[in-house]
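Read off the chains here:
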Amino acid sequence: MLFLPISFLLVFISCGSSAVIKDYTLKTSVKRVFEMPYFSNPEVDYVYKANIQIYGKELTGIFIAKRLNQTTHRIVFTTEFGNKLMDFEISEAEFKINFIVSEFDKKMLTNTLKSDFRLLLRNHFEIEDTFENAQNTVYKSLDGNQLNYLFVSKTDGKFFKIIAGSKRKEKINLSFTSENNIFAQQFIFQHYNIKLRMEFNYFKP
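These numbers come from a predicted model, not from an experiment.

Draft legend 1. Fine view of the pattern of salt bridges. All told, the structure shown has nine salt bridges when counted by the stated rule. The salt bridge partner of K140 is D129, with a shortest N-O separation of 3.3 Å. Highlighted residues: K140 in strand 10 (residues 136–143) and D129 in strand 9 (residues 129–132), separated in sequence by 11 residues. Residue classification places K140 among the buried residues on the basis of a relative accessible area of 13%. Close ionic contact of E199 with R197 constitutes a salt bridge, the shortest N to O distance being 3.0 Å.

In structure tokens, the structure reads:
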């Protein structure tokens, strides 16, 4: 019986640890909600040149995101000549396909895009814990069975990365490049469980 509390404590510590924040310390914080600084202005059309590498194939085109209301964004993919490839409406609760070409109408692909862009465009994250080291503050947010770690630089206060996955394994690294912490000049999805990388660079028509 003496071993039970010790065993339980070891299991508890093991379950609570994460490879993502192994070099960070838990911080006392009153911040309970993290507001997404990017893609939030309904008066702006967010237009990017897209480069998608999936299982050895490369696709290029134009990505457009528009905030329709408090909960929903519209996403359109086109070729560089303006031919529509995909047209989605997405929120934290809903996903509507307005149009998709047959080549991309695959369940695994649409589910992946839904998950990725829901992560990119969500309005806020509820914070479970806060961690820090000398360079960054990290906010941990629970999203169903997934954990999202949001990284903010202490140097300039910019939100620059989300790592999504489980306590043990990273699945997605979503990184941002921003000059003013309001508009992202670049964002990149790097998947670790499938061969998928998507890079988006701001494009001014």
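Draft legend 2. The arrangement of helix 2 (residues 107–121) in detail. The end-to-end C-alpha separation of helix 2 is 21 Å, in line with the 21 Å expected for 15 residues at 1.5 Å each. Those residues of helix 2 lying buried are L109, T110, T112, L113, D116, F117, L119, L120 and L121.

Draft legend 3. Looking closely at the nonpolar core. Of all hydrophobic cores here, the largest spans 44 residues; its most connected members are F63, F77, F117, L120, F176, F187 and F200. Counting nine residues, the second-largest nonpolar core is a separate cluster that includes I21, F131, Y149 and F151.

Draft legend 4. Spotlight on the layout of surface pockets. Taken as a whole, the largest pocket holds about 390 Å³ of empty space. Surrounding the largest pocket, 17 residues form its lining, N111, T112, S115, D116 and Q146 being those nearest its centre. For the lining of the largest pocket, the secondary-structure elements that each account for two or more residues are helix 2 and strand 13 (170–178). Taken together, the residues of the lining of the largest pocket break down into four nonpolar, six polar and seven charged.

Analysis parameters
- Residues numbered from 1 in each chain as written.
- Predicted model: local features only at pLDDT ≥ 70, side-chain atom pairs only at ≥ 80, totals over all residues.
- Heavy atoms only, no water.
- Salt bridge = Lys/Arg side-chain N within 4 Å of Asp/Glu carboxyl O.
- Helix = DSSP H or I, 4+ residues; strand = E, 2+ residues; numbered from the N terminus.
- Buried < 20%, exposed > 50% of the residue type's maximum accessible area, 1.4 Å probe, protein only.
- Expected span 1.5 Å × (residues − 1).
- Core = buried A, V, L, I, M, F, W, Y, C linked by side-chain atoms within 4.5 Å.
- 1 Å grid on protein atoms, 1.4 Å probe; cavity = no way out; pocket = protein on both sides within 12 Å on 5 of 7 lines; lining within 4 Å.
- Points joined across faces, edges and corners; volume = space filled by probe spheres on them.
- Nonpolar A, V, L, I, M, F, W, Y, C, P; charged D, E, K, R; others polar.

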